[in-house]
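Structural overview for review
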Amino acid sequence: MRNIIALPLLGLAVILQSAIVSQFSLLAGYADLVLVLLAAWALQDGVTTAFHWAFLASIMVSFSSHLPWFIYMAGYFSVVLFALLLQRRVWQAPLLAMFSVAFLGTLVMHLLSYGYLRIVGDPLPFRDTMGLITLPSLLLNLLLSIPLYGFMRDVARWVFPSLEEA
Amino acid sequence: MKDLFSRTLQTTIIFLVIGGILALSFGGFFSSITNRFTGGFVSTQEWFATRYQAIQEFLAAPRDIVSLRTRNTELQKQVSDLQAQVINLQQRVNETEILAALVDFSRTNPENSYKAASVIGRDPSPFLHYIIINRGSNDGILRGMPVVTSEGLVGRVDAVIADAARVQLITDPASSVNVHLKNADTDAMLVGSVTGDISLDLISQDATIQPGDLILTSGLGGGFPPDLIIGQVVNVQKRAAELFQRSTVQPAVDFSRLQIVLVIINFRAVDIAPLVPTTTP
């Protein structure tokens, strides 16, 4: 039942992303708070609702973005997938797994966005896009990973108190 | 009788002795002795007085500390309240200045009707240059309406919901605006980019463009009303091998600091897509 925290938490993340995080740009890129939050959540022990969170997040974000919902859904689902794949392989270094998921997730998300915008005819030079948007966004997402992982670990302990006791 | 005389004599002698001692002491003849006596007295009194004051302070001080701490807390709360008020008023002053500029702008352009809106967000994707405003269809906002500030053109409404709308900025890579260069008296196309810079394309090779030339909307295509300020030409790239000249543009609007914008609500964008000829096989 405590999983319902996803609704206010993701809602707040989308609002913060749109109102604040997108104002702090490095070159032309900025951090993706929702993506990093999803990655941090999916990497927590005992989490079985990461795909549900990704679905909810993609609906919420696409509501305020010009990009269609299926791009966000594909991107966020791939983030959760990476997290589930890496969770068991690098379980001894959760922060390393977090960095890896944030890195791969950002790359996939940007490739999907780039591909879609190229298909609909937006003139986006690949070199400029990589250098001015993707690389700065990667750096910002990795920086954001550290505090968000700790925060989501606390949320996971609150949602799954039985795991902490065990 | 003899006893009475002797007692009187004794008393007289005692008074004379005391009077003499007093006279000698007032005359300063016993100053060393009186100094020792008064010095000892004063130091003893001082010792008692300081101890008494210390005890009094010890007993009274806790009450003072509590009251002072209470007072300090009250004053700190007042200070924080006043600081919040100062920040709030400063914000209102800034908003008032922006609104005053917008009112001036709307008065100088009476042919248009405006609806003021606050910028409440930006597109979550860094690939896109869109803003979100707090006015929607409930306020008469429709898709395609131009958005301006007192400085110039901002963009056009891309999507609308009841209480909010998304605006595509002219800096967006997918944005294109038909413009007119006033000094050169020629038309061109303004396009955005991923970096948020804007540039001019499709400028005729015959046109003479100078840095500083004013760029206005031309109104062609029906997407924007004519004569809205966009910016100035920064430099011109003219190559003989190319069909058109290009130019970088300094926008009149600072897109990173957009707070309040005006939506031109009496302008209906015309969709000319059906009129554009298509190539037949």
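Note that the structure is predicted; figures quoted are calculated from it, not measured.

Looking now at the overall build of chain A. Per the secondary structure count, chain A includes seven helices and zero strands. For chain A, the C-alpha radius of gyration of 16 Å lies close to 15 Å, the compact-globule estimate for 166 residues. With respect to the principal axes defined by its C-alpha atoms, chain A has extents near 55 × 30 × 25 Å. Looking at the 166 residues of chain A, the share that counts as buried comes to 41%.

Let us look at the pairing of strand β4 (residues 153-160) of chain B. All names here are of chain B. With respect to burial, β4 is a largely interior element, seven of its eight residues being buried. Relative to β4, strand β3 (residues 146-148) runs antiparallel, the two being bridged by three bridges. What sits directly across from V147, in β4, is G155. If you look at the hairpin formed by β3 and β4, you'll find four residues sitting between the two strands. One ladder, built from five bridges, connects β4 with strand β5 (residues 165-169); its direction is antiparallel.

So, about the nonpolar core. Counting residues in each nonpolar core, the largest one holds 92 residues, and the members touching the most others are A:L38, A:A39, A:V79 and B:L190. No other element matches helix α2 (residues 33-42) of chain A, which puts ten residues into this core. Sequence-distant contacts of A:L38, defined by excluding residues within four places in its chain, comprise A:W53, A:A54, A:A57, A:Y76, A:V79 and A:V80.

All names here are of chain B. Backbone geometry places D185, a non-glycine residue, at a positive phi of 50°. Mapped onto the elements of the fold, D185 is located in the loop between β6 (176-181) and β7 (186-191). Located in the positive-phi region is D227, a residue other than glycine, with phi close to 65°. Within the fold, D227 resides in the loop between β9 (214-217) and β10 (229-237). A residue is classified by how many C-beta atoms lie within 10 Å of it, and D227, with 13 of them, is partly exposed.

Residue and element names in this part refer to chain B. The strand order β6-β7-β8-β11-β10-β9 describes a closed barrel built from six strands, whose pairing is antiparallel. Each adjacent strand pair in this sheet contributes to an overall mean axis angle of 40°, direction not counted. Bridging between β7 and strand β8 (residues 198-204) involves three bridges; their strand directions are antiparallel. Among the inter-strand pairings, L190 is bridged to a residue of β8, identified as L200.

Let us now look at the interface of chain A and chain B. Contacts between the two partners involve 24 residues from chain A, matched on the other side by 18 residues from chain B. When contributions to the side of chain A that touches chain B are tallied by element, the ones reaching two or more residues are α1 (6-19), α3 (50-64), α5 (94-119) and α6 (126-159) of chain A. Looking at the side of chain A that touches chain B, the element that brings in the most residues is α6(A), giving five residues. By residue class, the composition of the side of chain A that touches chain B is eleven nonpolar, eleven polar and two charged.

This brings us to helix α4 (residues 69-89) of chain A. All names here are of chain A. Look at α4: 31 Å from first C-alpha to last across 21 residues, which is about the 30 Å you get at 1.5 Å a residue. Within the sequence span of α4, burial applies to I71, Y72, G75, Y76, V79, V80, F82, A83 and L86. In an axial view of α4, the angular spread of the buried residues amounts to 160°, which keeps them on one side of the axis. Residues F70 and R88 are exposed on α4 and point more than 90 degrees away from its buried face. Buried residues belonging to α4 abut α2, α3 and α5.

Next up on the list: α3(A). Between its first and last C-alpha atoms α3(A) spans 22 Å; for 15 residues at 1.5 Å apiece the expected length is 21 Å, and the two agree. Those residues of α3(A) not exposed but buried are A:A50, A:W53, A:A54, A:A57, A:S58, A:M60, A:V61 and A:S64. The secondary structure elements touched by the buried residues of α3(A) are α1, α2 and α4 of chain A together with β1 (114-122) and β2 (130-133) of chain B.

Take the confidence of the model for chain A next. Overall, the prediction assigns chain A a mean pLDDT of 87, with 94% of residues at 70 or greater. Of all the helices and strands in chain A, helix α7 (residues 161-165) of chain A carries the lowest mean pLDDT, 62, while α2(A) carries the highest, 92.

This part covers the sheet that holds β1(B). With antiparallel pairing, six strands are arranged side by side around a closed barrel as β1-β2-β5-β4-β3-β12 (chain B). Here the average twist between neighbouring strands, direction ignored, is 45°.

A few words on the packing of α4(A) against α5(A). Residues and elements named next belong to chain A. For the pair α4 and α5, interaxial distance at closest approach is 9 Å and the crossing angle is 155°. In terms of orientation, α4 lies roughly antiparallel with respect to α5. Crossing geometry of α4 relative to α5 is assigned as right-handed. Across the interface between the two elements, I71, A74, G75, S78, V79, F82, A83, L86 and Q87 of α4 pack against A97, S100, V101, L104, G105, V108, M109, L112, S113 and Y116 of α5. When its residues are assigned to classes, the contact of α4 with α5 shows 13 nonpolar, six polar and no charged.

Next up on the list: the environment of A:A40. Residues and elements named next belong to chain A. As for its position among the elements, A40 is in helix α2. Through-space distance from the C-alpha of A40 to that of F160 is 15 Å; in sequence the pair is 120 residues apart. If we skip the residues at most four places from it in the chain, A40 touches M98, L148, Y149 and M152.

Residues and elements named next belong to chain B. In the sheet, β9 pairs with β10 via three bridges, with the strands oriented antiparallel. The residue bridging L214 from the neighbouring strand is Q232, located in β10. Note that β10 and strand β11 (residues 244-251) share six bridges and pair antiparallel. By the bridge assignment for β11, Q232 is matched with Q250.

Residues and elements named next belong to chain B. As for its position among the elements, T11 is in helix α1 (residues 2-26). With 10 C-beta atoms counted inside 10 Å, the residue T11 sits in the exposed group. Along the primary structure T11 and F48 are separated by 37 residues, whereas in three dimensions their C-alpha atoms are 38 Å apart.

Scoring rules and cut-offs
Residues numbered from 1 in each chain as written. Chains lettered and ligands numbered in written order. Predicted model: local features only at pLDDT ≥ 70, side-chain atom pairs only at ≥ 80, totals over all residues. Helix = DSSP H or I, 4+ residues; strand = E, 2+ residues; numbered from the N terminus. Rg over C-alpha atoms; globule rule 2.2 N^0.38 Å. Buried ≥ 20, exposed ≤ 12 C-beta atoms within 10 Å, placed from the backbone. Pairing = 2+ DSSP bridges. Core = buried A, V, L, I, M, F, W, Y, C linked by C-beta atoms within 7 Å. Contact = placed C-beta atoms within 7 Å. Axes fitted to C-alpha atoms, helices over the stretch in contact; angles between N-to-C directions. Nonpolar A, V, L, I, M, F, W, Y, C, P; charged D, E, K, R; others polar. Expected span 1.5 Å × (residues − 1). Arc of directions from axis to C-beta. pLDDT = per-residue confidence, 0-100. Parallel < 35°, antiparallel > 145°, perpendicular 65-115°, else oblique. Left-handed = near helix turned anticlockwise from the far one by under 90°.

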